[in-house]
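Read off the chains here:
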Amino acid sequence: MSNTVTLLINGEQIGVAGGTTILQAARLLDIDIPTLCHDDELEDRAQCRLCVVEIDGRPRLEPACATQVAEGMTVSTDSETTLAARRMTLELLLSEHPQSCPTRARGGECNLCDYADDYGIRAPAFGYGSETEDIRENSFISRNAAACILCSKCARACEQVQGVGELGFMGRGIGVTARPAVGKTLEQTECEMCGNCVVVCPTGALRATGPPGRADAKVRTTCGYCGVGCQFDLNVRAGRVVGVTTEPDNPVNGKWLCVKGRFGYEFIHHPERLTAPLIRRGDRLEPASWDEALGAVASRLAEIKAANGPDAIGFMSSSRCTNEENYLVQKLARAVIGTNNVDQCART
Amino acid sequence: MTNSIGEIPGADVLFVIGANPTEAHPIIGIKIKQAVRNGATLIVADPRKIWLTKIAKIHLPIRPGTDLALINGMANVILSEGLANEEFIKSRTEGLEEYAGVVAQWPPERAAELCDVSAEDIRGAAREYARANRGAIFYTLGITEHTCGTDNVLGLANLALLTGHVGKESSGVNPLRGQNNVQGACDVGALPDVFPGYQKVAVEENRRKFEEAWKVKLSDAPGMTLTDMFEAALEGHLRAMYVIGEDPVMSEAHAGLIREALSRLGFLVVQDIFLSETAKLADVVLPASCFAEKDGTFTNTERRVQRVRKAVEPPGEAREDWRILIEVINRLGYPADYSSPEQIWDELARLSPILAGINYGRIEQVGLQWPCPNTDHPGTRFLHAERFSRGLGKFTAVEYSPPAEPPDAEYPWLLTTGRTLYHYNAGTMTRRVSGIAAKSPDCFVEINPADLEKIGAADGRMLRVTTRRGSVEARALATRKVRRGGIWMPFHFAEAPANDLTLDAYDSVTRTAEYKVCAARVEVVEP
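Values in this document were obtained by computation on a predicted structure and should not be read as measured data. (Residues numbered from 1 in each chain as written. Chains lettered and ligands numbered in written order. Predicted model: local features only at pLDDT ≥ 70, side-chain atom pairs only at ≥ 80, totals over all residues. Heavy atoms only, no water.)

K.L.:
Would you mind showing me how to read unusual backbone geometry here?
P.N.:
Trans peptide bonds make up most of the peptide bonds, and negative phi angles are found at most residues other than glycine. The amide bond that connects Trp370 of chain B to the next residue, Pro371 of chain B, takes the cis arrangement and shows omega of 0°. Turning to its location among the elements, Pro371 of chain B is positioned in the loop between strand 14 (368–369) and strand 15 (393–394). The backbone of Asp30 of chain A sits at a positive phi, close to 60°, despite the residue not being glycine. Relative to the elements of secondary structure, Asp30 of chain A occurs in the loop between helix 1 (22–28) and strand 3 (52–55). With a relative accessible area of 72%, Asp30 of chain A lands in the exposed category. (Helix = DSSP H or I, 4+ residues; strand = E, 2+ residues; numbered from the N terminus. Buried < 20%, exposed > 50% of the residue type's maximum accessible area, 1.4 Å probe, protein only.)

As structure tokens, then:
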């Protein structure tokens, strides 16, 4: 399907590879089609119907995420019919969504409410849904059934990305919701707590547990655990790391993370962190000033070097520290002490 | 890795041996799952039924320590069935003859018997791998943490040379590095025999270059590896150690001996973020910073140099490690006046040809992969495209050798140690994350249910595992994941330190200990 197909979208001509969807082609033209259930890295299910477009010669509106382009196709993404259909879809979704959106109430982002605003829906024709309490699925993930719009992205991420498949549609009729098996929380399943379901959830029905409110700053950095080097944003509020979020724009992990990367940050502010230098006095380690501690380090290393030679001193550098710090350690060993006795745990 | 992480889904045959990526490198695990979803064939060689075996076409549950028998057995099939890549061997390699001589001694039946798997599965694995368009090997410590670790790695390199599965997109030999910056620590010279950029200290020209840059006379004698340092400390030759961000008492094999070595030092400095088991033995402890509290770079397993950015302040009087090191250097009378990590990077990149083209400006958004020799260079996604570092790829005739301490009548169980999804290495960080600690609170011993029944214990019962070096108690976890006669323990838990048990027998080249095989006794702890 690598032949080029030419089509018109909103009057603009574009040539794309066969097999491309209308949604993808429109994005190439910077035409934004709203969607709640599409994710570039998941198989499409055409579940939310929000991305419907009008195609000349077709009797019905078609979902842009699941409809492939065809030669000579003429597509309208913003006709009156399309916009009316989307408004209807949003109003139906809102009829099962609480008026006081639990996600927005927490300072989070709800794509459904955002679209409702975009489409100027202030009093939906079928009203709003009722509120539900949050369910704590495990230590890191909470779920609010009322905010769920059955887009199935969580279930698809769990199945297609993580390969675990612990989330699915459960219940019947209007009671149906995306959740772990009936009678269980995620804690009681094979869930690996990666939180990749939280990342794809468009309404915040699945969310990281933790205090409400927005981050003051997001700082892009590299994960400190394994050697994969995942990129993420440390969410900082009042000088503390309060969460980790991801964006799809990096070549290593995209938006996916594991439990350690996404939720393993509590140690940063742990009360057992070392906060002052310690010096041994007898069999006890006692707090000391930096001046005293650094003085002891320098004088003892100098003494041992003078008495036993530079090769009597060894440095265990750190595969956990930065390149710049490792460079300084080996420079300290080689240029300052005069020994090549520098190594780290690359052997273990 | 010779390939990039992003190339994994493009491979059509993946051979994972001695690696458990869904737990130790979960995002690489995701990429491997994606490759299989795309239709790739997965072959897993691992004594345990790790998660990836669920989606593998062939699982070879080999007896621990027999990797090279399997690898040479596969090579035997590839050569005897005419599946080798003649063109690649002719144009890119040398030394086939001697290697083929060794491999000829390893028909799959012989390998199968030693490995305790079926010869047909060895044949199947060899055929799948050899016939791949883009075949990729992934390994980690299950290959290297053996007395024959170097030979195991060479054996895998031989397989790639034999089939031409190297030097191409999605096709190569991929060690998955363990720690966030173990790749970078090596790259910038935290190794006893090389300056930054893998320039040997024994080569005069290299020394002259660094002597000029650092304005001091430098030693031409390669230093001691960590293993040798601990031995020298035991013997009294090493008098002081400065340990940064590592916990050897928890992570080195035969921890009892490591404690003894450290106690014999005249002076021990530990620079860390928690009072680790090693820090408890120190004369001076310097409070340092974690990754969220400093600027700098880490280099990941695909050789990508990426920015680390300061998000919060270190607690109390704790300081960034680079600032502490500058202070120590200055107090020892050497001038160091860097005002930022960027200045340090610029100095090290200038001295390291493989990193010379990388600067903070270029990696502001996306990291670059070395080799990157100049600032116009786009970085290198996969290695060895046109030639190998030494020119031709060299086959090395490597012969199987058994583990140093096989089970016997007195210690009849085979103990292997490793890592789990929820905890990270010595556990100093993850055990202080309450949600993770709740999910995985304590140490366990994986044991086959049939074996557990044999010793008359129920799942969850406390077991005492004893080796010639020490004894540790942990609860039994009955699982068919492990082979009969084998037990498996993580080393994350300070109250049940698995490395009190592990064996201090080392690979002669890398000086890596045989963490993956030692003999043990298992007893039920009476309540």
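Additional details are given in the paragraphs that follow.
K.L.:
What is the right way to look at the interface of chain A and chain B in this model?
P.N.:
By a frequent convention, interface size equals the accessible area lost on bringing the separate parts together. Taken together, the contact pairs 108 residues of chain A with 140 residues of chain B. Summed over both sides, the interface of chain A with chain B buries roughly 10,700 Å², with 63% coming from carbon and sulfur. Our enumeration of links across chain A and chain B arrives at six salt bridges. Lys331 of chain A serves as the salt-bridge partner of Glu347 of chain B, at 2.8 Å between the closest nitrogen and oxygen. Linking chain A with chain B are 62 residue pairs in polar contact (both at pLDDT 80 or more), by the criterion used here. Per-element tally for the side of chain A that touches chain B: the top contributor is helix 9 (residues 323–337) of chain A, with 14 residues. Residues of the side of chain A that touches chain B, tallied by class, amount to 54 nonpolar, 33 polar and 21 charged. Where strand 16 (residues 313–316) of chain A meets strand 9 (residues 240–244) of chain B, four bridges bridge the pair, whose relative direction is parallel. Of the residues in strand 9 of chain B, the one forming a bridge with Ile313 of chain A is Ala240 of chain B. (Contact = heavy atoms within 4.5 Å. Buried area = accessible area lost by both parts, 1.4 Å probe. Salt bridge = Lys/Arg side-chain N within 4 Å of Asp/Glu carboxyl O. Polar contact = N/O pair within 3.5 Å; in protein donor to acceptor, adjacent residues only side chain to side chain. Nonpolar A, V, L, I, M, F, W, Y, C, P; charged D, E, K, R; others polar. Pairing = 2+ DSSP bridges.)

K.L.:
Sorry, what's going on with the domain arrangement of chain A here?
P.N.:
Parsing chain A into structural domains produces domain 1 (4–78), domain 2 (214–273) and domain 3 (278–347). In this structure, domain 2 of chain A and domain 3 of chain A have C-alpha centres spaced 30 Å apart. (Domains from an automatic or database assignment.)

K.L.:
Would you mind showing me how to read the pattern of salt bridges here?
P.N.:
For side chains bearing opposite charge, pairing can occur when the charged atoms are close. Residue and element names in this part refer to chain B. Taken as a whole, this structure holds 59 salt bridges over all chains when the rule is applied. Between Lys294 and Asp321 there is a salt bridge, with its nearest N and O atoms 2.9 Å apart. Taken together, the residues span a long stretch of sequence, with Lys294 in the loop between strand 11 (284–287) and strand 12 (296–299) and Asp321 in helix 15 (residues 321–331) at a distance of 27 residues. Per residue, the accessibility class of Lys294 equals that of Asp321, and both read buried. Asp408 is paired through a salt bridge with Arg468; the nearest N and O atoms lie 2.6 Å apart.

K.L.:
Honestly, the environment of Arg143 of chain A in this entry has me stumped. Any pointers?
P.N.:
Residue and element names in this part refer to chain A. Position of Arg143 among the secondary structure elements: in strand 7 (residues 141–143). Residue Arg143 is classed as buried on the basis of its relative accessible area, which comes to 4%. For the pair Arg143 and Arg179, spaced 36 residues apart in sequence, the C-alpha separation works out to 8.3 Å. Contact partners of Arg143, with chain neighbours within four places excluded, come to Glu133, Asp134, Ile135, Glu137, Thr177, Ala178, Arg179, Pro180, Ala205 and Leu206. Here the side chain of Arg143 touches Glu137 through a polar contact of 2.6 Å, side chain to side chain.

K.L.:
Can you help me understand the packing of aromatic side chains in this one?
P.N.:
Aromatic rings considered in pairs are described by the distance between their centres and by the relative angle of their planes. This structure, assessed with the given rule, holds 14 aromatic pairs over all chains. Their ring planes at 70° and their centres at 6.4 Å tell us that Tyr225 of chain A and Phe267 of chain A sit as a pair that is edge-to-face. Placement of Tyr225 of chain A in the loop between strand 11 (217–222) and strand 12 (231–237) and of Phe267 of chain A in the loop between helix 7 (259–263) and strand 14 (278–281) is noted, with a sequence separation of 42 residues between them. A relative accessible area of 4% places Tyr225 of chain A in the buried class. Look at Phe232 of chain A and Phe291 of chain B: their rings are 6.3 Å apart centre to centre, the planes differ by 75°, and that puts the pair in the edge-to-face class. Of this pair, Phe232 of chain A sits in strand 12 while Phe291 of chain B is found in the loop between strand 11 and strand 12, placing the two residues in two different chains. (Phe/Tyr/Trp six-rings, centres within 6.5 Å; stacked < 30°, edge-to-face > 60°.)

K.L.:
What am I meant to see in the packing of helix 12 (residues 226–235) of chain B against helix 14 (residues 255–263) of chain B here?
P.N.:
Helices that pack against each other are described as a pair by the angle of their axes relative to one another and the distance between those axes. Residue and element names in this part refer to chain B. Contact geometry for helix 12 and helix 14: axes closest at 8 Å, N-to-C directions at 60°. Taken together, helix 12 and helix 14 sit at an angle that is classed as oblique. As helix 12 runs across helix 14, the sense of the crossing is left-handed. For the pair helix 12 and helix 14, contact is made by Phe230, Ala233 and Leu234 and by Leu257, Ile258, Glu260, Ala261 and Leu262, respectively. Broken down by class, the residue content of the contact of helix 12 with helix 14 amounts to seven nonpolar, no polar and one charged. (Axes fitted to C-alpha atoms, helices over the stretch in contact; angles between N-to-C directions. Parallel < 35°, antiparallel > 145°, perpendicular 65-115°, else oblique. Left-handed = near helix turned anticlockwise from the far one by under 90°.)

K.L.:
What's the story with the sheet that holds strand 14 of chain A in this structure? I'm lost.
P.N.:
Strand pairing in a sheet relies on backbone hydrogen bonds. The paired strands run either parallel or antiparallel. Read across the sheet, seven strands follow the order 15(A)-14(A)-11(B)-10(B)-9(B)-16(A)-17(A) without closing on themselves; strand pairing throughout is mixed. Bordering the open sheet on either side are strand 15 (284–287) and strand 17 (342–343) of chain A, each of which pairs with just one other strand. Strand contacts of helix 9 of chain A: strand 16 and strand 17 of chain A together with strand 9 of chain B, with the helix running at about 165° to strand 16 of chain A, the strand carrying the most contacts.

K.L.:
Would you explain a nonpolar patch on the surface in this entry?
P.N.:
All names here are of chain A. A cluster of nonpolar side chains, namely Met88, Leu92 and Phe126, defines an oily patch on the protein surface of about 290 Å² accessible area. Within the secondary structure, Met88 sits in helix 2 (residues 80–94). For Met88, a relative accessible area of 40% gives the class partly exposed. (Patch = residues over 30% accessible without salt bridge, like charges linked within 9 Å, V, L, I, M, F, W, Y side chains within 5 Å. Areas by Shrake-Rupley, 256 points an atom, 1.4 Å probe, with all protein chains shown as cover.)

K.L.:
Help me understand the domain arrangement of chain B in this model?
P.N.:
What the domain assignment lists for chain B is domain 1 (5–176), domain 2 (182–369) and domain 3 (413–524). Each of domain 1 of chain B and domain 2 of chain B was reduced to a C-alpha centroid, and the two centroids are 34 Å apart.

K.L.:
Would you mind showing me how to read the packing of helix 8 (residues 290–308) of chain A against helix 15 of chain B here?
P.N.:
Helix 15 of chain B packs onto helix 8 of chain A with a crossing angle of 55° between their chain directions and a minimal axis gap of 9 Å. Classified by the interaxial angle, the pair formed by helix 8 of chain A and helix 15 of chain B is oblique. For helix 8 of chain A against helix 15 of chain B, the interelement crossing comes out right-handed. Residues Trp290, Asp291, Leu294, Gly295, Val297 and Ala298 of chain A of helix 8 of chain A form the contact with helix 15 of chain B, whose own contacting residues are Ile324, Glu327, Val328 and Arg331 of chain B. Counted by class, the contact of helix 8 of chain A with helix 15 of chain B contains six nonpolar, one polar and three charged residues.

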